[in-house]
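Each chain is listed here by its residues.
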Amino acid sequence: MRPFRPLRPRGPRRLTALLLFAAATLFPVATPAAAAPAAAPVPVPGTLQPYTIDAVHSSGVSSGGYMATQLHVAYSGTFSGSAAFASGPYNCAQNTLNLALYACMDTMQNLQLAQLEQTTRDWSAQGLVDPVANLAGDPVYVFSGSNDTTVKRPVADALADYYGRFGARVQYNRSTAAGHAWISPLGPNSCTVTQSPWINNCGVDAERELLGHLLGSVAAPSSSPGGSLIQFDQNAYAPGGAAAPLSLDDKGFVYVPTSCAGGASCSLMVALHGCKQGYGYQGFGTRFIDNAYLNEYADTNDMIVLYPQAVPTATLDNPNGCWNWWGYLGDSSYARHGGKQIEAIMGMVRALRGTTPPPVTDRVTLSSVDAQDGYVKAAADGSAPVVGTLEDSSGLALGRGTDGKLNRALLSFDTSKIPAGKEITRAYLTVNRSSGSGDPWASPASNKLLADVTTGCFGACAVEASDWSAAATVAGGAQIASFSSGSASSTDLSPTALSALDRAGTTQVRLRFESAQASTAYLFVNQSTPVTLTVEYR
């Protein structure tokens, strides 16, 4: 049952990151005259107040389209449907910038749709996203222009296909000659171009199409928005209380029609701009909000529109102010529960719905016990295991070394330091790459770095050769995605792995690749710093 997701008929969004969702090629062509927003509402300072909200939807363009899909899939118990312009399937980048560029925008690499589907189902089973059964029957609107060379047509095709695999009701507009843009009757650009402000007029009312599909039916838009555009502080909803470290603006906006402010039952649309379209990007301001043609429909269809805002980073992680759909700033949870931008937006949604936020969660970060850490190497069949000797000089080895042996790392944590009487809600590992050779995640293709968890120790708590194949309490209780430098966090420990944490003593974790590499491909982790286990509780 999804009590907050009713559908009712409606009546009377690193150096190579510089390339992501920028206008890939700027065409210096003249733009036609477009209908100007009639008295676009001026933002007024305020806060997010609760309203009577009966359904929640997401929409977005480009990186905002990816984020709209992430919200819908991760929290399908809250979102009843989604609309995406110029973007691709859920989790397409798989926390890898290379895939984002060459599989999820261009088509030089396979975006692995079957794997994306299976990962979604696996995450659903692990509780990392809401149950995928929620997606069946959900309305989804997909738009791809034939002149979009930034996110190419097969990528958008894959988005429609992805949703179809879960039984969603997909309406796909692929018959328009649009460039890479949000499509609106108020767009100042001609249809076929890809250039700022990335809002194109194609002679079609895409908002009527998408809202009609999501809401069931729509009344004609108002000629001039008569509601209030409220500017609020996004810091209040950012995990940790600070928006900027998450590449979020401190300013967000919400459009509230007078009917909704007066107590009418209303739907909520979360509308996500694309890269270079955020309020704080080089003076872009409210152009996306003013020209998206959603406020006009909001007035006549009892719909509140939430406009969260991303902002560029001062570093090269996200210089174009894109939404996080490839895992920048080290957020490996970006597409699922716990993703920092997702959780910030969910906090805004909860505030507007007046729902009780999750209980305040405290956390403790435990460093692995250096004296008990180490690694073990053995043949692929587990024979002739020995304890590795390069921990001090190189770190903990994982994968296949130059000697043909397979390496597994052992970590000990004093989990008695988790406060007694508290409910553990989440836990994850963080490792730091020291060095390596080759890509052990690619040999064989889609190899997985898994974390086995055991209550107590695998044998003796000090590393011993038998730890290579000793039985774990929970095998594969978490996974660490491919990373080539810096640090990476695992997925959340599964519920059974959380239960295996020894509240009275030591918990050991074994890191291992699921499959044996065919040739030399390895990495060393945590040469100078310990692996950490972060445990959240309430």
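Residues numbered from 1 in each chain as written. Predicted model: local features only at pLDDT ≥ 70, side-chain atom pairs only at ≥ 80, totals over all residues. Heavy atoms only, no water.

Asker: Could you give me a rundown of the overall build of the protein chain, with the residues and numbers involved?
Answerer: Each helix and strand in the protein chain was counted, giving 10 helices and 24 strands. The C-alpha radius of gyration computed for the protein chain amounts to 24 Å, which stays within 12% of the reference 24 Å derived for 538 residues, consistent with globular compactness. With the principal axes as the frame, the protein chain shows a C-alpha extent of 75 × 50 × 40 Å. For the protein chain, with 538 residues in total, the buried portion stands at 58%. In the protein chain, 34 side chains carry a positive charge and 39 a negative one; their mean positions are 3 Å apart. (Helix = DSSP H or I, 4+ residues; strand = E, 2+ residues; numbered from the N terminus. Rg over C-alpha atoms; globule rule 2.2 N^0.38 Å. Buried < 20%, exposed > 50% of the residue type's maximum accessible area, 1.4 Å probe, protein only. Lys, Arg positive; Asp, Glu negative; His and termini not counted. Charge placed at Lys NZ, Arg CZ, Asp CG, Glu CD.)

Asker: Give a detailed account of the pattern of salt bridges, specifying residues and quantitative values.
Answerer: For the structure on display, the rule yields 13 salt bridges. Ionic pairing is found between D452 and R510, a salt bridge with its closest N-O pair at 3.0 Å. You can see D452 sitting in strand β19 (residues 449-455) and its partner R510 sitting in strand β22 (residues 506-513), a full 58 residues away along the chain. Of the two residues examined, D452 and R510, each falls in the buried class. (Salt bridge = Lys/Arg side-chain N within 4 Å of Asp/Glu carboxyl O.)

Asker: Just give me the short version of the nonpolar core, but keep the residues and values in it.
Answerer: When a protein is soluble and globular, its nonpolar side chains tend to lie buried together. Core analysis: the biggest nonpolar cluster contains 74 residues, and V254, V270, I304 and L306 have the highest contact counts within it. Looking at this core element by element, the count peaks at eight residues for helix α9 (residues 340-353). In this view, V254 contacts L48, S228, L229, I230, F232, I304, V305, L306 and L352; residues no more than four positions away in its chain are not counted. (Core = buried A, V, L, I, M, F, W, Y, C linked by side-chain atoms within 4.5 Å. Contact = heavy atoms within 4.5 Å.)

Asker: Which residues make up the state of the cysteines, and what values do they have?
Answerer: Scanning all chains against the criterion turns up five disulfides. Disulfide pairing is shown between C275 and C322; the S-S distance is 2.0 Å. Judged by the sign of its S-S torsion, about 125 degrees, the cystine formed by C275 and C322 is right-handed. Pair noted here: C275 is in the loop between β11 (266-272) and α7 (287-291) and C322 is in the loop between β12 (303-307) and α9, with a separation of 47 residues, a long-range link. For C275, a relative accessible area of 3% gives the class buried. The exposure class assigned to C322 is buried, which follows from its relative accessible area of 0%. What pairs with C457 in a disulfide is C461, and their sulfur atoms sit 1.8 Å apart. As the torsion about the S-S bond is roughly 75 degrees, the C457-C461 disulfide counts as right-handed. Judged by its relative accessible area of 18%, C457 is buried. According to the relative accessible area criterion, C461 is partly exposed, its value standing at 26%. Taken in N- to C-terminal order, the disulfide-linked cysteines of the protein chain are connected 1-2, 3-4, 5-6, 7-8, 9-10. (Disulfide = S-S within 2.5 Å.)

Asker: I'd like a description of helix α5 (residues 206-215), backed by residues and values.
Answerer: Among the 10 residues that make up α5, seven are buried, leaving the element largely enclosed by the rest of the structure. Among all positions of α5, only A206, E207, L210, L211, H213, L214 and L215 are buried. G216 sits one or two positions beyond α5 and adopts a positive phi of about 110 degrees.

Asker: Describe the packing of aromatic side chains, with residues and values.
Answerer: Counted under the stated rule, the structure contains 19 aromatic pairs. A centroid spacing of 4.6 Å and a plane angle of 40 degrees characterise the contact between F85 and W182, whose relative ring orientation is tilted. Of this pair, F85 sits in strand β3 (residues 79-85) while W182 sits in strand β6 (residues 182-183), and the two are 97 residues apart along the sequence. Considered together, F85 and W182 belong to a single accessibility category, that of buried residues. Aromatic pair Y522 and F524: ring centres 5.7 Å apart, planes at 75 degrees, arrangement edge-to-face. As far as burial versus exposure is concerned, Y522 and F524 are alike and both buried. Put simply, the rings of F85, Y141, F143, W182, F288 and Y307 touch in pairs and so form one group of aromatic residues. In this arrangement the basic side chain of R408 is found over the ring face of W468, its NZ or CZ atom lying 3.6 Å from the centre. (Phe/Tyr/Trp six-rings, centres within 6.5 Å; stacked < 30°, edge-to-face > 60°. Lys NZ or Arg CZ within 6 Å of the ring centre and 35° of its normal.)

Asker: Describe the side chain of D502, with residues and values.
Answerer: Tracing the backbone shows D502 in the loop between α10 (495-499) and β22. Buried and unpaired, D502 has no salt bridge, with R503 as the nearest side chain of opposite charge at 7.9 Å. For D502, the residues in contact, after removing those within four places along its chain, are T415, S416, T455, G456 and T507.

Asker: Tell me about the packing of helix α1 (residues 63-74) against helix α4 (residues 153-164), and please be specific about residues and values.
Answerer: The geometry of α1 relative to α4 is characterised by a closest axis approach of 13 Å and an angle of 10 degrees between their N-to-C directions. On the basis of their axis angle, the class for α1 and α4 is roughly parallel. Seen from α1, the contacting residues are Y66, T69, H72 and V73; seen from α4, they are V155, L159, Y162 and Y163. Among the residues forming the contact of α1 with α4, the class breakdown is six nonpolar, two polar and no charged. (Axes fitted to C-alpha atoms, helices over the stretch in contact; angles between N-to-C directions. Parallel < 35°, antiparallel > 145°, perpendicular 65-115°, else oblique. Nonpolar A, V, L, I, M, F, W, Y, C, P; charged D, E, K, R; others polar.)

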